[in-house]
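Each chain, letter by letter, is given below.
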Amino acid sequence: MMKIGDRTVNLAEGDGSFAGGLVIEGGRRLEGEIKVQGAKNSSLPVLAAAYLCGGESVIHNCPALSDCYAACRILSSLGCRCKREGSTVIVDSGGTEGFSVSESLMSKMRSSIVFLGAILGRTGRCRLSFPGGCELGPRPIDLHLDALRRLGVRIIEDHGVLDCTSGERPFHIDITLSLPSVGATENIMLYCALGEGETVIYNAAREPEIADLAEYLNRCGACIRGHSSSTIVINGVKSLHGCSFGVMPDRIAAATYMGACAATGGELVLSGVSSKDMYSCMSVFSEMGCGVYPYLDKLYISAKKPLRSVRTIRTTPYPGFPTDCQPIVMAVLCRASGTSMIVENIFENRFMAAPELLKMGADIKLEGRVAVIEGVRQLLGARVRAKDLRAGAALTVAALGAQGTSVVSNLHFIDRGYESIETVLSSVGASIKRV
Ligand code: EPZ
């Protein structure tokens, strides 16, 4: 039993199970310094690339997340030796020729589709299941498969199982993506890095994580140019090797802690960040009335003044406002005076935090891809459920600024993307514990 707001609730009511959650006593200003974790969305493709490159790779600043653990289990199932020493993961993929990934491993993490290009590039074969949709909506991979087919790969799709075999690869090929898909860009890079031929990707994704993957591959002997722009040129090479590499900072985790600071009227220094990757997020927090000051690898944020609503936020591919920050900013805007509007252009179902925020007293109206948020004076603690990774982070941010006690359950979603979030937030004054 737990007292939440003015009610006493049984955490295990309903189906009697309680998937584990965070108990948060809101209303405490966050103050102090947070060292921001390595980027989940860079470490995952880099771990896949460690299979492609062979040899031993030492990957530093690799966050301790359940998604990274899942990626290491896939590598082990392919015959690699993986071990973690603190924030360093050592992958030895020499002498392995595995090409099949079990359904149980694939179902742990949607983004494991990025292993497709790496396994195919290394062995010429790949067999894996792809369960498709997830919390954010259908997760199509048509762009991945179309590109690989144009690169000569024979793909048989049978009830969610992909059976792929490399074929004759064109000496030169131009691939134009109909939308700048992060995963499709990564899969093409991973498949084309090793072997003959030049591949040019037009309308490639420009996310910083793409550049990080290209940097890792080039350090392993690949020849990739143009990453960070929308035209990437990959010249296949005869062989690759392992290397030592440091994963870039997680810009979404950094933005999440900015949200926690804004929601509690706090003052934080975020260290180990790359502010140049965060301009669109920083400008939104500035517009809300926060003081945001980047300096070298640190970012200072303070929220001394009452928050103001911001004009329309539209999520777009990088360098626009990132969809992954949208739920977190929505949670902060719930208490910003005035009316804010968010348009979610990337995923079909990315307002999963909204119904849970309403339980805390938020005023949010959803109309298709548009959310209209009327700022309220106070949010009240409540028992809420995370329904996806960033929605869970958003509810945590809202609970930190709410009056009273909240319980955010389905903690496994949050653990996919945040390294011991309760330890990090407690270190800067939050009253938060894992149950
Ligand atoms: C990556 O997902 C990230 N995941 C996501 O972060 C992020 O939200 C997304 O990029 C957009 O920035 C990882 O890097 C592991 P996309 P990805 O391919 O690669 C459509 C998080 O919270 N599409 O750029 O799956 C797709 O449906 C996660 O950390 C197709 O239609 O994103 C979506 O609407 C969530 N066909 C849009 O493109 C395809 O073949 C963007 O998808 C591929 C994608």
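Conventions and cut-offs
Here, residues in each chain are numbered from 1, in the same order as that chain's written sequence. The model is predicted, so local features are restricted to residues of pLDDT at least 70 and side-chain atom pairs to those at 80 or more, both for listing and for counting; the totals for chains, interfaces and linings are taken over all residues. The basis for every side-chain value is the complete set of heavy atoms in the structure, and neither hydrogens nor water enter the calculation. Confidence scores per residue from the predictor, reported as pLDDT, run from 0 to 100. By definition, residues are in contact when any of their heavy atoms lie within 4.5 Å. Only rings of Phe, Tyr and Trp enter the pairing, Trp through its six-membered ring, and a pair is recorded when the two centres are within 6.5 Å. The plane angle decides the type: under 30 degrees is stacked, over 60 is edge-to-face, the rest tilted. Secondary structure follows DSSP: runs of H or I at least 4 residues long count as helices, runs of E at least 2 residues long count as strands, and numbering of each begins at the N terminus. Buried residues are those whose accessible area, probed at 1.4 Å on protein chains only, stays under 20% of the maximum for their type, while exposed residues exceed 50% and partly exposed ones sit between those limits. The criterion for a charge sitting over a ring is simple: Lys NZ or Arg CZ within 6 Å of the ring centre, and within 35 degrees of the ring normal. Domain ranges listed in this record stem from an automatic or a database domain assignment. For any pair of parts, buried area is found by adding up, for both, the accessible area (1.4 Å probe) each one loses once the two are put together. We define a salt bridge as a contact between a side-chain nitrogen of Lys or Arg and a carboxyl oxygen of Asp or Glu at a distance within 4 Å. Here a polar contact is taken to be a pair of N or O atoms separated by no more than 3.5 Å, where protein atoms must pair a possible hydrogen donor with a possible acceptor and residues adjacent in sequence count only if both atoms sit in side chains. Asp and Glu count as negative and Lys and Arg as positive, but His and the ends of the chain are not part of the count. Note on pairing: DSSP must find at least two bridges between two strands before they are called paired. Axis definition: a line fitted to C-alpha atoms, over the contacting stretch in the case of helices. Angles run 0 to 180 degrees between N-to-C directions. Given a helix with a known number of residues, its expected span is that number minus one, times 1.5 Å.

Asks: What exactly am I supposed to notice about the confidence of the model for the protein chain here?
Replies: Detailed reading of the predicted coordinates is not advisable wherever pLDDT falls low. Scored by pLDDT, the protein chain comes out at a mean of 94, with 95% of its residues at no less than 70. Segment residues 12-18: pLDDT under 50, and 8 contacts once partners within four positions in sequence are set aside and those in other chains are kept.

Asks: What's the story with the packing of aromatic side chains in this structure? I'm lost.
Replies: The relative placement of two aromatic rings is captured by the distance of their centres and the angle of their planes. Overall, the coordinates contain 3 aromatic pairs when judged by the stated rule. On the numbers, 5.5 Å between centres and 75 degrees between planes, the contact of Tyr216 with Phe245 is edge-to-face. A residue pair is termed long-range when its members are at least 10 positions apart, and Tyr216 in helix α7 (residues 208-219) and Phe245 in strand β16 (residues 244-246) qualify at 29 residues. Each member of the pair Tyr216 and Phe245 is classed as buried. Ring centres of Tyr257 and Tyr418 lie 6.5 Å apart, and the angle between their planes is 75 degrees; on these two criteria the pair is classed as edge-to-face. Residue Tyr257 is found in helix α8 (residues 251-264), and its partner Tyr418 is found in the loop between α13 (411-415) and α14 (421-426); the two are separated by 161 residues along the sequence. With respect to burial, Tyr257 and Tyr418 carry one shared label: buried. Above the face of the Tyr51 ring, Arg122 is positioned so that its terminal group lies 4.9 Å from the ring centre. Over the aromatic face of Tyr191 sits the side chain of Arg169, whose NZ or CZ is 5.4 Å from the ring centroid.

Asks: Is there a simple way to explain the domain arrangement of the protein chain in this structure?
Replies: One widely used convention gives an interface's size as the accessible area the parts lose upon coming together. Domain annotation of the protein chain identifies domain 1 (2-37 + 249-434) and domain 2 (40-246). Look at where the C-alpha atoms of domain 1 and domain 2 centre, and you get two points 31 Å apart. Across the boundary between the two partners, domain 1 contributes 26 residues, which contact 19 residues of domain 2. On the domain 1 side of the interface with domain 2, the three residues burying the most area are Tyr318, Arg416 and Glu419, jointly 32% of the side's total. At the surface where domain 1 touches domain 2, the tally comes to 2 salt bridges. Linking domain 1 with domain 2 are 8 residue pairs in polar contact (both at pLDDT 80 or more). Elements represented by at least two residues in the side of domain 1 that touches domain 2 include exactly α12 (389-401) and α13. If you tally residues by element for the side of domain 1 that touches domain 2, the top one is α13, at 3 residues.

Asks: Would you mind going over the side chain of Glu207 with me for this structure?
Replies: As for its placement among the helices and strands, Glu207 is situated in the loop between β13 (198-202) and α7. No salt bridge is formed by the buried Glu207; the nearest opposite charge belongs to Arg251, separated by 4.9 Å. Excluding its chain neighbours within four sequence positions, the residues that come into contact with Glu207 are Val182, Arg251, Pro317 and Tyr318.

Asks: Just checking my understanding: could you explain the pairing of strand β9 (residues 125-129) for this structure?
Replies: A regular strand carries its side chains on alternate faces of the sheet. Of the strand pairs in this sheet, strand β8 (residues 100-101) and β9 are connected by 2 bridges, and their pairing is parallel. Across the sheet, Ser100 pairs through a bridge with Arg127, a residue of β9. Judged from the 5 bridges that link them, β9 and strand β11 (residues 161-165) form a sheet pairing that is antiparallel. When the sheet's bridge partners are listed, Arg127 is paired in β11 with Asp163.

Asks: Just checking my understanding: could you explain the sheet that holds strand β18 (residues 291-295) for this structure?
Replies: Backbone hydrogen bonds are what pair the strands of a sheet, in a parallel or an antiparallel way. If you walk across this open sheet you meet the 4 strands as β4-β17-β19-β18, and the pairing is mixed. Only two strands of the sheet have a single partner each, and these edge strands are β4 (31-35) and β18. Recorded for the sheet is a direction-independent mean angle of 15 degrees between the axes of neighbouring strands. The pairing of β18 with strand β19 (residues 298-302) spans 5 bridges and is classified as antiparallel. The partner of Gly291 across the bridge, within β19, is Ser302. Relative to strand β17 (residues 267-271), α8 is tilted by about 170 degrees, and along the sheet it contacts β4, β17, β18 and β19. Set on the sheet, helix α9 (residues 279-287) makes contact with β18 and β19; between it and β18 the angle comes to about 150 degrees.

Asks: Just checking my understanding: could you explain helix α2 (residues 66-77) for this structure?
Replies: Structurally, the α-helix is built with 3.6 residues per turn, so residues lying three or four positions apart point the same way. Compared with the 16 Å implied by 1.5 Å per residue over 12 residues, the 16 Å span of α2 between its first and last C-alpha is a close match. Every buried residue belonging to α2 is among Asp67, Cys68, Ala70, Ala71, Cys72, Ile74 and Leu75, and all of these are buried. Close packing links the buried residues of α2 with α1 (40-53), β6 (81-85), β7 (88-92), β8, α3 (103-106) and α4 (115-123).

Asks: Help me understand the environment of Gly20, please; the structure alone is not making it clear to me.
Replies: Considering the arrangement of structural elements, one finds Gly20 in the loop between β2 (7-9) and β3 (21-25). Residue Gly20 is classed as buried on the basis of its relative accessible area, which comes to 13%. In sequence terms Gly20 and Met189 are 169 residues apart; their C-alpha atoms lie 38 Å from each other. In this structure, Gly20 is in contact with Val408, Ser409, Asn410, Leu411 and Val435, ignoring residues within four places of it in sequence.

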